[in-house]
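Reading the structure
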Amino acid sequence: GAIDNTTIGATTASTGAFTTLLASGTATLTTVDINGGAIDSTTIGANTASIGAFTTLSASGAATFTGDVTLGDAATDAITISGTVGINAGAIDNTTIGATTASTGSFTTLLASGTATLSTVDINGGTIDSTTIGANTASTGAFTTLSASGAATFNGVWTLGDAFSDTIMFTGTADINAGAIDNTTIGATTESTGAFTSLSASGAVTFHGGVTLGDDAADTITMTGTVGINAGTIDSTTIGANTASTGAFTTLSASGAAAFTGDVTLGDAATDTVTISGTVGINAGAIDNTTIGATTASTGAFT
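Cut-offs applied
Residues numbered from 1 in each chain as written. Predicted model: local features only at pLDDT ≥ 70, side-chain atom pairs only at ≥ 80, totals over all residues. Heavy atoms only, no water. Helix = DSSP H or I, 4+ residues; strand = E, 2+ residues; numbered from the N terminus. Rg over C-alpha atoms; globule rule 2.2 N^0.38 Å. Buried < 20%, exposed > 50% of the residue type's maximum accessible area, 1.4 Å probe, protein only. Areas by Shrake-Rupley, 256 points an atom, 1.4 Å probe, with all protein chains shown as cover.

A separate point is the overall build of the protein. Per the secondary structure count, the protein includes zero helices and zero strands. Here the C-alpha atoms of the protein give a radius of gyration of 54 Å, more than 25% beyond the 19 Å that 2.2 N^0.38 yields for 303 residues. In terms of its C-alpha atoms, the protein occupies a principal-axis envelope of roughly 185 × 35 × 25 Å. Residues classed as buried in the protein amount to 0% of the 303 residues present. When the accessible surface of the protein is totalled, it reaches about 30,900 Å², and 49% of it is carbon and sulfur.

Now the structure itself:
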């Protein structure tokens, strides 16, 4: 039979065992022990928060957890969250982010107590302090200002400046051990010193101050072209030792014997006075239009 349109336990609660329990309206159950089946299309804890233990917990929409939430009860438990997780407060401690698959993130402060390895970093502000760039693998960089408080070692090919009008300034001492210095004036602003195995110039060379060529009397100094010496002295040196030279002198003196070969002209005007101290031996040629012994009588032997 059937009990229709009748409230069971309206005055006093009753107990019962049912194979099927249906309600067309709202059914309020004080305590429910459900050991099988399914709870479908129903919000658990809609009015009052509930607690539960689950072997599998899934959500087809957004899941909101309020209060303290503990996922897993052992350090070896694996928590897998598919989709996107928004964590807006609290802390993520003792956890590697991106351990299996690289992740992206936006941080106001990023700190690491150990070694942090970043594949690609785009740093647009702030400072990099007390850090060696390229310590293990050489790096490239573009700088508006590059300074070093200690010794700076540059390896490989370096280009300083990208235009001939750029000014490159080294403060301190630069030690260049190989390569070439091309199209550059050394000491353009402040004179420099240098030691050279070979010194050549395609144009005019001007030496200022004291210049020492060679450091031993046996050294050979060869100058190809024309040398203009406008002051100072040429000491202990034979001029024209290998190839005869020409010269113009205001005063010409010799401490030893002077031998003139070829045509020699002393004076360039009839009024010039040419004084020869000592003995002059004239072995050929002619003495023309000249008074011998004009001031002091001379002796002579004639054929």
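This is not the end of the story, as more comes after the structure.
Turning our attention to unusual backbone geometry. Working note: non-glycine residues mostly have negative phi, and peptide bonds are mostly trans. Phi at N94 is positive, roughly 55°, even though this residue is not glycine. Judged by relative accessible area, N94 falls into the exposed class, the value being 83%. We note that S130 has phi near 55°; this positive angle belongs to a residue other than glycine.

Take it as geometry only, folks, not as evidence of what the structure does.
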